[in-house]
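# Remarks on the overall topology
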Amino acid sequence: MRVLGIETSCDETGLAVYDTEQGLLAHELHSQVAMHEAYGGVVPELASRDHIRRVVPLTERVLAAAQCRLADLDGIAYTQGPGLAGALLVGASFANGLGLALGKPVVGVHHLEGHLLSPLLATPKPSFPFVALLVSGGHSQFYAVRAVGDYTLLGETLDDAAGEAFDKTAKLLGLPYPGGPALEKLAARGRHGAVTLPRPMLGSGDLNLSFSGLKTAVLTQVRSQALEDQRRADIACAFQDAIVDVLQAKALAALDVTGLSRLVVAGGVGANQTLRHRLIAAARDRGATVFFPDLQFCTDNGAMIALVGTLRLQRGAGDDYTFTVRPRWALSSVSATGMALSPS
Ligand code: KG4
Ligand code: ZN
């Protein structure tokens, strides 16, 4: 089975072709980061318009790179939610129009399921069951993943997502959007322990997280003295250490609670090298293994959507070319065939 995947939920247009025999054949990505940079964040209307401009040429490119004709496709998968409504509509309408024209099945995919299963594109890949830490710009959640479509939410952030905290803190430090990679770079020049920040919810006794207080603590530090270069780096370093400490402690607790020994880390913040190294070492110390997607598939991409679409189509999913997008959509309402169990 060969599936075209289309991701347009936010500020990346991602296209990919996945084949059940040969794996990922090709993927293409256009990032809108440069376009949104001037505004300090994603402007939804600009995002939708840019997806419209990019989606057809990127489809042609990815098919050429995969040496695949439209007629060779067995199905089309698109990100149905969660995300920006207008941006999602571009991928949804393009996918359904193409599917209808070709007479091929079309399936709407949950964006977070894409992130969650993206380590299956890597080598070695995790086998089920595993604990997943999903840390992106919009979500920070722990799941017990027992099979495709079997996701139990174990805990989540009560306020800001980890990526959001990186982005907001980066802004306070005068760094460009998106803040995560810029803050990581600045933190590398910082001195551990030079600035002290809290570890929110570390002792909460559950798997929930909270990052908005950390951002406020950074603001207090930023305002307390002149923000010369070394101090900016020290604050960035302290912020990253605080987030990583909390995520590491809660990830180990999630392994304890579930009795599982495999941890999957997915989502944009999973690209953070400090987080990666710390989690690998901490897991190794207790005989557990950590799996990450390839760096290029940590942030939004079409490959993870093509992969999940394939798994869904293999399980009999497929829509009748009438579609809706789901800007807000709980992953735990997704069943093994990808149908929503209940409205969310
Ligand atoms: O998964 P993603 O591409 O988009 C969402 O679905 O949200 O995640 C984007 C988030 C942004 O907040 C970005 O700042 C963060 O991931 N991020 C990072 C790094 N690379 C991206 N955060 C920390 N360190 C990084 N290296
Ligand atoms: Zn994402």
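Please read all numbers here as calculations on a predicted model, not as lab measurements.

Between its terminal C-alpha atoms helix α10 (residues 303-314) stretches 17 Å, which fits the 16 Å expected from twelve residues at 1.5 Å a residue. With eleven of twelve residues buried, α10 lies mostly within the body of the structure. For α10, the set of buried residues is A303, M304, I305, A306, L307, V308, G309, T310, L311, R312 and L313. Looking one or two residues beyond α10, the residue adopting positive phi is G316, at roughly 95°.

The subject of this paragraph is the packing of aromatic side chains. Given two aromatic rings, one states the distance between the centres and the angle between the planes to describe the pair. Considering all chains together, one arrives at two aromatic pairs under this definition. On the numbers, 5.5 Å between centres and 15° between planes, the contact of F128 with F130 is stacked. You can call F128 partly exposed: its relative accessible area is 29%. Looking at F130, the relative accessible area reads 1%, which means it is buried.

A few words now on the pattern of salt bridges. Any two side chains of opposite charge can pair if their charged atoms end up close together. This structure, assessed with the given rule, holds 17 salt bridges. In this structure, D50 and R53 form a salt bridge, with 3.0 Å as the shortest nitrogen-oxygen distance. You can see D50 and its partner R53 sitting in helix α2 (residues 44-65), three residues apart, about one turn around the helix. The buried category is assigned to D50, whose relative accessible area is 2%. For R53, a relative accessible area of 51% gives the class exposed.

This part is about the packing of helix α5 (residues 162-172) against helix α8 (residues 229-258). At a minimum axis distance of 11 Å, the contact between α5 and α8 shows a crossing angle of 170°. In this view, α5 runs roughly antiparallel relative to α8, as classed from their interaxial angle. Together, A162, A165, F166 and T169 of α5 and F239, Q240 and I243 of α8 make up the contact between the two elements. Residue classes in the contact of α5 with α8 are distributed as five nonpolar, two polar and no charged.

To continue, consider the coordination of the zinc ion (ligand 2). Taken together, H111 (NE2), H115 (NE2) and D300 (OD) make up the full set of protein donors to the zinc ion (ligand 2), lying 2.0 to 2.1 Å away. Here the zinc ion (ligand 2) is ringed by four donor atoms whose angles at the metal span 93 to 140°, and the overall shape comes out irregular. Written as a sequence motif, the donor arrangement for the zinc ion (ligand 2) is H-x3-H-x184-D. Here H111, found in helix α4 (residues 111-117), pairs with D300, found in the loop between β10 (289-291) and α10; they are 189 residues apart in sequence, far enough to count as distant. Both residues of the pair, H111 and D300, count as buried.

The next subject is the nonpolar core. Of all hydrophobic cores here, the largest spans 49 residues; its most connected members are L197, F239, L263 and V265. Where this core is concerned, the elements lending two or more residues are β6 (130-135), α5, α6 (179-187), α7 (212-224), α8, β9 (262-266) and α9 (273-285).

Structurally, the position occupied by P44 is in helix α2. A sequence separation of 39 residues divides P44 from G83, and the C-alpha atoms of the two residues are 10.0 Å apart.

This part takes up the site of ligand 1. Every one of the 19 residues lining ligand 1 counts as a neighbour, but G137, D167, G180, E184 and G268 are closest to it. G268 is positioned with one of its backbone polar atoms (N or O) 3.0 Å from an oxygen atom of ligand 1. If ligand 1 stood free it would expose 560 Å²; the protein chains cover 88% of that surface. When residues of the shell around ligand 1 are traced back to their parent elements, those giving at least two are α4, α5 and α6.

Here we come to unusual backbone geometry. Trans peptide bonds make up most of the peptide bonds, and negative phi angles are found at most residues other than glycine. The residue after T123, namely P124, is reached through a cis peptide bond having omega -5°. Assignment of secondary structure puts P124 in the loop between α4 and β6. At the junction of F128 and P129, the peptide bond is cis and its omega measures out at -5° in the coordinates. If you trace the backbone, P129 turns up in the loop between α4 and β6.

Glancing now at the side chain of H111. Residue classification places H111 among the buried positions, given a relative accessible area of 7%. Polar contacts involving the side chain of H111 include one to the side chain of E7, which spans 3.0 Å. At 3.4 Å, the side chain of H111 and the side chain of S9 are in polar contact. For H111, the residues in contact, after removing those within four places along its chain, are E7, S9, T79, G81, P82, D300 and M304.

Analysis parameters
- Residues numbered from 1 in each chain as written.
- Chains lettered and ligands numbered in written order.
- Predicted model: local features only at pLDDT ≥ 70, side-chain atom pairs only at ≥ 80, totals over all residues.
- Heavy atoms only, no water.
- Helix = DSSP H or I, 4+ residues; strand = E, 2+ residues; numbered from the N terminus.
- Expected span 1.5 Å × (residues − 1).
- Buried < 20%, exposed > 50% of the residue type's maximum accessible area, 1.4 Å probe, protein only.
- Phe/Tyr/Trp six-rings, centres within 6.5 Å; stacked < 30°, edge-to-face > 60°.
- Salt bridge = Lys/Arg side-chain N within 4 Å of Asp/Glu carboxyl O.
- Axes fitted to C-alpha atoms, helices over the stretch in contact; angles between N-to-C directions.
- Parallel < 35°, antiparallel > 145°, perpendicular 65-115°, else oblique.
- Contact = heavy atoms within 4.5 Å.
- Nonpolar A, V, L, I, M, F, W, Y, C, P; charged D, E, K, R; others polar.
- Donors = N, O, S within 2.8 Å, 3.2 Å for Na, K, Ca; no water.
- Tetrahedral: all angles 85-135°; square planar, octahedral: opposite > 155°, others 65-115°.
- Core = buried A, V, L, I, M, F, W, Y, C linked by side-chain atoms within 4.5 Å.
- Near = heavy atom within 4 Å.
- Polar contact = N/O pair within 3.5 Å; in protein donor to acceptor, adjacent residues only side chain to side chain.
- Areas by Shrake-Rupley, 256 points an atom, 1.4 Å probe, with all protein chains shown as cover.

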